[in-house]
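One letter stands for each residue in the lines below.
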Amino acid sequence: MRKKTKLIHGGKTVDQSTGAVSLPIFQATTFKQDGVGNFTYEYGRTGNPTREGVETFIADLEEGKRGFAFASGMAAITAVTQLFSAGDHIIVTDDVYGGTFRLMSKIVSRFGIEASFVDTTNQDKIQAAIRPETKAVFIETPTNPLLKVTDIEAIAALVNKNGLTLVVDNTFSTPYWQRPLTLGADIVVHSATKYLGGHSDVVSGLVVTNNDELAEKLHFIQNGAGAVLSPHDSWLLIRGMKTLGVRMEEIEQNANSVAQFLRNHPDVHKVYYPGFSDHPGHHIHKQQSEGFGGMISFAVSTEEQALEILKNVKYFTLAESLGAVESLISLPAKMTHASIPRERRLKIGIEDGLIRLSIGLEDSEDLIEDLAAAFEKSKQLSH
Ligand SMILES: *Cc1c(COP(=O)(O)O)cnc(C)c1O
């Protein structure tokens, strides 16, 4: 099955008992047993047919064996950290999603699991960070908001050689473009709140693995810790995922046009977009991924101008999050990355005038005209 067909026919998303092509929302907490211990589903936290629909679906899309659905991306990532124990050490991409940084450094750390934040675009730095107690490497590629690219296959080789587990947060690329398990990763995690759901209406997280032993442990944690996705949210997520292909294709075109426009605009001194051949991670990204995605960041000289642009756009919605049908705009320094001290923020390249775009499904001409008009207004004000 090719990938667009798989989006329609993958997973167990047709109801076996009625043939309903939209899997029903099995809004039940418990299931009648045919005799003691004789059942398919037992209790709603342990398993639910609608949740199983989305779990088998993501497992197929990521070319893994088993999938697990959680109440949010953070709940999914938390479940993965629960594979480890006090005394263990994890290496994490240094500009990982802010919530993951907070989880690792403020919550998981209290349970005796230590994280080192390392520039994973550099294999020597990962090698140097490995200690006897290191158990896993957790990477994100491309990252947010600077779209830094890590070589999944190379890191997988390094991780395997050292007997560690490689976890990849694949939220930005989605399995439509990038399938880390096929490149040697052991676990993939998603904030399905973003592209997979795609309509800004469901907070959800997914985990996939191709390793039976890890799958057993993950199911034990999912049931034991209990942060499961509800039947209704599972249904919404399946509904969103069916159109992932057409959305990602359209977003790809739009992002490319907007990135070109920004690159040629005199007020923009830097554009971060992995689709540009001079982007530092372009060649690696192209090897491991079939598309460049819908995230673009660009820098104007001052925070004042950036704020004016944000104020004057009509079609870009000022909001956190990403990956939905509507284009979004944000100012990382004041929003998603506000908790990072300014000095560290500037050091990693998140300048005050950096604007992040998540490109949606509007006409690219409208998006470009909208940005052009906002640039004009921001200039009038600064003169
Ligand atoms: C949003 C996001 C998360 C967290 O997911 P939630 O669904 O918001 O809990 C994790 N990783 C990345 C890359 C994200 O963008």
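Since the model is a prediction, treat every value here as computed from it, not as a measurement.

Caption draft 1: Focus on the overall build of the protein chain. For the protein chain, the helix and strand inventory stands at 14 helices and twelve strands. Taking 2.2 N^0.38 as the reference for a compact globule, 383 residues should give roughly 21 Å; the C-alpha atoms of the protein chain span a radius of gyration of 21 Å, in line with that estimate. Taking the principal axes of its C-alpha atoms as reference, the protein chain extends roughly 80 × 50 × 35 Å. A burial count over the protein chain gives 55% of its 383 residues as buried. Intrachain contacts of the protein chain at a sequence separation of at least 6 include 71% that bridge at least 24 residues.

Caption draft 2: Representation of the pattern of salt bridges. If you walk through the whole model with that rule in mind, you get 20 salt bridges. For E290, the salt bridge identified is with K3, shortest N-O distance 2.4 Å. Note that E290 is positioned in the loop between α11 (282-288) and β9 (295-299) and K3 in helix α1 (residues 3-9), a separation of 287 residues in sequence. Note that R345 and D352 form a salt bridge whose closest N and O atoms lie 3.2 Å from each other. Salt bridges sharing partners connect three or more residues here, namely K3, E63, R179 and E290.

Caption draft 3: Local environment of the sheet that holds β9. Pairing within the open sheet is mixed, and its five strands lie in the order β8-β9-β12-β11-β10. Both outer strands of the open sheet, β8 (270-272) and β10 (317-318), are each paired with one neighbouring strand and no more. By the bridge criterion, three bridges tie strand β11 (residues 328-330) to strand β12 (residues 354-358) in an arrangement that is antiparallel. Along β12, the bridge assignment pairs S330 with R356. Helix-sheet contacts for helix α10 (residues 244-263) involve β8, β9 and β12, and the interaxial angle to β9 is about 10°.

Caption draft 4: Examining the site of the ligand more closely. Neighbouring residues of the ligand: 14 residues in total, closest M74, D169, S191, T193 and K194. Side-chain polar atom of D169 to a nitrogen atom of the ligand: 2.7 Å apart, as the coordinates give it. Within the side chain of S191, a nitrogen or oxygen atom sits 2.8 Å from an oxygen atom of the ligand. When the ligand is considered free in solution it has 380 Å² of accessible area, and contact with the protein chains removes 92% of it.

Caption draft 5: Seen up close, the packing of helix α2 (residues 49-61) against helix α9 (residues 231-241). Relative orientation of the contacting elements α2 and α9 amounts to 35°, with a least axis distance of 8 Å. For the element pair α2 and α9, the recorded crossing hand is left-handed. Of the residues in α9, those in contact with T50, R51, G53, V54, F57, I58 and L61 of α2 are P231, S234, W235, L237, I238 and M241. A class-by-class count of the residues in the contact of α2 with α9 yields nine nonpolar, three polar and one charged.

Caption draft 6: Inspection of the domain arrangement of the protein chain at higher detail. Under the domain assignment, the protein chain is made up of domain 1 (3-242) and domain 2 (245-382). Computed from C-alpha atoms alone, the centre-to-centre distance between domain 1 and domain 2 is 27 Å. Counting residues at the interface gives 33 residues for domain 1 and 35 residues for domain 2. Both faces considered, domain 1 and domain 2 share a buried interface measuring about 2,900 Å² in area, 58% of it formed by carbon and sulfur atoms. On the domain 1 side of the contact with domain 2, L146, W177 and Y195 bury the most area, a combined 29% of that side's loss. At the boundary of domain 1 and domain 2, one finds two salt bridges. Of the charged contacts, one joins R179 and E290 as a salt bridge, the two residues approaching to 2.6 Å between their closest N and O atoms. Viewed at the interface, domain 2 and domain 1 are joined by 16 residue pairs in polar contact (both at pLDDT 80 or more). Residue assignment for the side of domain 1 that touches domain 2 shows that the elements contributing at least two residues are α1, α6 (152-161), α7 (174-177) and α9. Looking at the side of domain 1 that touches domain 2, its residues break down into 15 nonpolar, eleven polar and seven charged.

Caption draft 7: Highlighting the nonpolar core. If you look at the biggest cluster of nonpolar residues, it comprises 49 residues, and the most contacted ones within it are V137, L166, L196, L237 and M241. The two domains that each donate at least three residues to this core are domain 1 (3-242) and domain 2 (245-382). Ignoring anything within four residues of it in the chain, the contact list for L166 reads V137, I139, I152, I155, A156, V159, A185, D186 and I187.

How each quantity is defined
Residues numbered from 1 in each chain as written. Predicted model: local features only at pLDDT ≥ 70, side-chain atom pairs only at ≥ 80, totals over all residues. Heavy atoms only, no water. Helix = DSSP H or I, 4+ residues; strand = E, 2+ residues; numbered from the N terminus. Rg over C-alpha atoms; globule rule 2.2 N^0.38 Å. Buried < 20%, exposed > 50% of the residue type's maximum accessible area, 1.4 Å probe, protein only. Contact = heavy atoms within 4.5 Å. Salt bridge = Lys/Arg side-chain N within 4 Å of Asp/Glu carboxyl O. Pairing = 2+ DSSP bridges. Axes fitted to C-alpha atoms, helices over the stretch in contact; angles between N-to-C directions. Near = heavy atom within 4 Å. Polar contact = N/O pair within 3.5 Å; in protein donor to acceptor, adjacent residues only side chain to side chain. Areas by Shrake-Rupley, 256 points an atom, 1.4 Å probe, with all protein chains shown as cover. Left-handed = near helix turned anticlockwise from the far one by under 90°. Nonpolar A, V, L, I, M, F, W, Y, C, P; charged D, E, K, R; others polar. Domains from an automatic or database assignment. Buried area = accessible area lost by both parts, 1.4 Å probe. Core = buried A, V, L, I, M, F, W, Y, C linked by side-chain atoms within 4.5 Å.

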